[in-house]
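An overview of the molecular structure
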Amino acid sequence: MLQTNRAMLMAMYLNSLTDQETVSLTTAMVHSGDQLQWNPEWKDLLVDKHSTGGCGDKISLVLAPALAACDFKVPMISGRGLEHTGGTLDKLESIPGYCVQLSENEMHYALKTAGCFIAGPTETLAPGDKELYKRRDVTATVDSIPLCVASIISKKVAEGTKTLIMDVKVGSAAFFKDETQARNLASMLINVSAGLGVQTRCALTNMDTPLGRAVGNSLEVAEAIDCLKGNGPHDIVELVTTLGGIILEMKGRVETLNEGKQTILKVLNSGEALEKFRLMLICQGVAEVTATALCLGDVWSVLPSVSQEHITIIRAVSSGIITKLDSLGVAKAAWKLGAGRSKADEPIDYAVGIRLLHVQGEKVEKGEGLMEVHHNSSTLNENIRRQLEEAIIISDGLDETVPSLIIDIM
């Protein structure tokens, strides 16, 4: 049976699948287990977002409560990171008490109380996907577009989502580094979703440079909370408001994307999204006093952090404009620090990571700090230092245009 499954995957990989064949495969994966059932009055309110993953991608932590603050219900089933790709659940588990494994009753309570949850899949949610993924890993078929689509959409259908925005990353730290492949993935995601009753749109977004200024679990949580307070980095705010604005436009709440972006920005600046996040934390096991301290007090009184002597500054070796800040190099360095794992059962270090003091397009002076590296070793590993230094290119020429974050909306 195992050999048959492997042969089937190899045939799918080599010959690909049509959209309809992918719909059939996805349907079988959905029906391999249970489907979450929600209150009937929530039918038109169930929305979600999914990202193909990247470096510094803490968008879900901000967008889910922002959509909840717009009176949607967001049943977000998420995953963990592997190697250089950070996982949403790993970031949230840096918050003391946060529980990613919820019963269906606990999910219902979170949606009713906070309007959102971010949790791992239950054992009975699309188990066929888990079994196929184990075999995809050993048959080198992970990057098959139809198999990627079936894996993503099966979980979204099983969780009950009716409207989905997909953030399809393109660039050095993305799953697909080539824009043509990313567009093919986006097109199939849209078509297969439609075949299963889920309205989906895709944003192609740049992953050549890290998102925001924080890479690493607790560092990214702190930055997400800054964004929920209306103080987030420009690119994080731009992506959150764009993805949320698309959802609002899809649901007919606004007439234009710009109007939707302004609506999302309003709930960030007003604190409404932050309160939804605080309530979500409490629903998912965080003590109320801890959730309140994290959201309304000093985040570092709650989150794990390294000691001051374990922070190393990477400095500019010349003056000029940062013309490249390679996300793959930064992501791999964070992984080697301990922020990521090589195998699914490996522990991670929530405190370590990298804080970017300057980003692409900014002017720096020789000797100025470029990055703070948070490590738990007595000194920063020289290979990691070299990798970070090589991730940055400083030019002494004229300002260069920073590539657009949003490549296209499909």
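Cut-offs and rules
- Residues numbered from 1 in each chain as written.
- Predicted model: local features only at pLDDT ≥ 70, side-chain atom pairs only at ≥ 80, totals over all residues.
- Heavy atoms only, no water.
- Phe/Tyr/Trp six-rings, centres within 6.5 Å; stacked < 30°, edge-to-face > 60°.
- Buried < 20%, exposed > 50% of the residue type's maximum accessible area, 1.4 Å probe, protein only.
- Lys NZ or Arg CZ within 6 Å of the ring centre and 35° of its normal.
- Salt bridge = Lys/Arg side-chain N within 4 Å of Asp/Glu carboxyl O.
- Helix = DSSP H or I, 4+ residues; strand = E, 2+ residues; numbered from the N terminus.
- 1 Å grid on protein atoms, 1.4 Å probe; cavity = no way out; pocket = protein on both sides within 12 Å on 5 of 7 lines; lining within 4 Å.
- Points joined across faces, edges and corners; volume = space filled by probe spheres on them.
- Nonpolar A, V, L, I, M, F, W, Y, C, P; charged D, E, K, R; others polar.
- Axes fitted to C-alpha atoms, helices over the stretch in contact; angles between N-to-C directions.
- Parallel < 35°, antiparallel > 145°, perpendicular 65-115°, else oblique.
- Left-handed = near helix turned anticlockwise from the far one by under 90°.
- Contact = heavy atoms within 4.5 Å.
- Core = buried A, V, L, I, M, F, W, Y, C linked by side-chain atoms within 4.5 Å.

What to know about the packing of aromatic side chains
- Using the criterion set out here, one finds two aromatic pairs in the structure.
- Aromatic pair F175 and F176: ring centres 5.0 Å apart, planes at 75 degrees, arrangement edge-to-face.
- Classification of F175 by relative accessible area gives partly exposed; the value is 38%.
- Here the basic side chain of R253 rests over the ring of F72, its NZ or CZ set 4.1 Å away from the ring centre.

What to know about the pattern of salt bridges
- On inspection of all chains with the given rule, the structure shows 15 salt bridges.
- A salt bridge links R201 to E249, with the nearest nitrogen and oxygen atoms 3.5 Å apart. Of this pair, R201 sits in strand 5 (residues 199-206) while E249 sits in helix 10 (residues 234-250), and the two are 48 residues apart along the sequence.
- Overall, the relative accessible area of 26% leaves R201 in the partly exposed class.

Some words on the layout of surface pockets
- Considering only enclosed or pocket space, the second largest pocket measures out at about 510 Å³ in volume.
- Lining the second largest pocket are 22 residues; nearest its centre among them are T209, D235, Q360, V402 and P403.
- Of all the secondary-structure elements, those providing two or more residues to the lining of the second largest pocket are helix 10 and strand 8 (320-325).
- Considering only residue class, the lining of the second largest pocket consists of nine nonpolar, seven polar and six charged.

As for the packing of helix 2 (residues 19-30) against helix 7 (residues 145-158)
- Helix 7 packs onto helix 2 with a crossing angle of 45 degrees between their chain directions and a minimal axis gap of 9 Å. Taken together, the axes of helix 2 and helix 7 are oblique relative to one another. The two elements helix 2 and helix 7 cross, and the hand of that crossing is right-handed. Each of T22, L25, T26, M29 and V30 in helix 2 lies in contact with helix 7, whose residues at this interface are P146, L147, V149, A150, S151, I153, S154 and V157.
- The class makeup of the residues in the contact of helix 2 with helix 7 is nine nonpolar, four polar and no charged.

Topic: the nonpolar core
- Core analysis: the largest hydrophobic core is formed by 90 residues, its most contacted members being I95, L281, I354 and M371.
- Ignoring sequence-local partners within four residues, the contact set of I354 consists of R213, A214, V215, L219, V330, A333, A334, L337, M371, E372, V373 and L388.
- Of all hydrophobic cores here, the second largest spans 23 residues; its members include V149, I153, V157 and C202.

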